[in-house]
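Read off the chains here:
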Amino acid sequence: MASIFSRIIAGEIPSYRVAEDEKHYAFLDINPVAEGHVLVVPKHEVDYIFDLPDDEYAALTLFAKRVAKAQRKAIPCKRIAEAVLGLEVPHAHIHLIPINCEADVDFHHKVAVTPERMTEIAKAIADKFE
Ligand code: 5GP
């Protein structure tokens, strides 16, 4: 059965898309730890990120770098934190989280963001993506 992220990529489940190319898809985390929390996924569905072939892992990392640059331009923050967990969704992905301090990366602390604001943030990041 296709992962929830494959279903998002296929457009079967809606998402707040921020960037896409032939092999990757980036969208807002539905349950963010900070405004502008993005997930970057390879379209090739592999459960564990460190099982990706080297070329796909490298390409995913480079794509995430481009997304992080767009986030930094779109969202006032000191840094973009990068994290890999993979405990919930068995489809490799990278979390990119705008932060101002260490405490901003707390996966136990989720922030409420309205659908209108999610749309606004996704557009702001998408507009800066190069
Ligand atoms: P992980 O697998 O890295 O532990 O966590 C998966 C992440 O995916 C979580 O932060 C969760 O909020 C996010 N997530 C799970 N299901 C969906 C979904 O249907 N849409 C979006 N946009 N994010 C999701």
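The shown structure was predicted, so the numbers you read here are calculated from the model rather than taken from an experiment.

Conventions we followed
- Residues numbered from 1 in each chain as written.
- Predicted model: local features only at pLDDT ≥ 70, side-chain atom pairs only at ≥ 80, totals over all residues.
- Heavy atoms only, no water.
- Helix = DSSP H or I, 4+ residues; strand = E, 2+ residues; numbered from the N terminus.
- Rg over C-alpha atoms; globule rule 2.2 N^0.38 Å.
- Buried < 20%, exposed > 50% of the residue type's maximum accessible area, 1.4 Å probe, protein only.
- Contact = heavy atoms within 4.5 Å.
- Axes fitted to C-alpha atoms, helices over the stretch in contact; angles between N-to-C directions.
- Left-handed = near helix turned anticlockwise from the far one by under 90°.
- Nonpolar A, V, L, I, M, F, W, Y, C, P; charged D, E, K, R; others polar.
- Expected span 1.5 Å × (residues − 1).
- Arc of directions from axis to C-beta.
- Core = buried A, V, L, I, M, F, W, Y, C linked by side-chain atoms within 4.5 Å.
- Pairing = 2+ DSSP bridges.

Q: Account for the overall build of the protein chain, with residues named and values stated.
A: Scanning the protein chain from N- to C-terminus turns up 3 helices and 5 strands. Along the protein chain, from the amino end to the carboxyl end, the secondary structure elements read α-β-β-β-α-β-β-α. Taken against the 2.2 N^0.38 rule, which gives 14 Å for 130 residues, the C-alpha radius of gyration of the protein chain at 14 Å falls within 12% of a compact globule. In terms of principal-axis extent, the alpha carbons of the protein chain reach across some 35 × 30 × 30 Å. Counting only residues that meet the buried cut, the protein chain has 42% of its 130 residues in that class. Taking the intrachain contacts of the protein chain between residues at least 6 apart in sequence as the baseline, contacts between residues at least 24 apart amount to 59%.

Q: Tell me about the packing of helix α2 (residues 54-74) against helix α3 (residues 115-128), and name the residues and values.
A: Between α2 and α3, the shortest axis-to-axis distance is 8 Å and the interhelical angle comes to 120°. By crossing handedness, the relation of α2 to α3 is classed as right-handed. Together, A70, Q71, K73 and A74 of α2 and A124, I125 and K128 of α3 make up the contact between the two elements. Residue composition of the contact of α2 with α3, grouped by class: 4 nonpolar, 1 polar and 2 charged.

Q: With reference to specific residues and values, describe α3.
A: Between its first and last C-alpha atoms α3 spans 20 Å; for 14 residues at 1.5 Å apiece the expected length is 20 Å, and the two agree. Every buried residue belonging to α3 is among M118, I121, A122 and I125, and all of these are buried. Within α3, the buried residues cover an arc of 100° as seen down the axis, which keeps them to one side. Residues of α3 that are exposed and point over 90 degrees away from its buried face: E116, K123 and D127. Packing partners of the buried residues in α3 comprise β1 (17-20), β2 (24-28), β3 (38-42) and α2.

Q: How would you explain the nonpolar core if you had to name every residue and give the values?
A: Generally speaking, nonpolar side chains in soluble globular proteins are found buried as a group. Counting 27 residues, the largest nonpolar core has V18, V38, V40, V67 and L96 as the members making the most contacts within it. Elements represented by at least two residues in this core include exactly β1, β2, β3, α2, β5 (94-99) and α3. Per-element accounting of this core gives the leading share, 6 residues, to α2. Not counting chain neighbours up to four residues away, the residues in contact with L96 comprise G36, H37, V38, V40, A64, V67, A68, Q71, I80, A81 and E82. With 8 residues, the next largest nonpolar core counts I8, I9, Y25 and L39 among its residues.

Q: Account for the pairing of β5, with residues named and values stated.
A: The buried fraction of β5 amounts to 6 of the 6 residues, a majority that puts the element mostly inside the structure. Side chains of β5 alternate between two faces, with I94, L96 and P98 and H95, I97 and I99 buried alike. Direction of pairing for β3 relative to β5: antiparallel, over a ladder of 3 bridges. Bridging from a neighbouring strand, L39 pairs with H95 of β5.

Without other data, these values stay purely geometric and don't point to any function.
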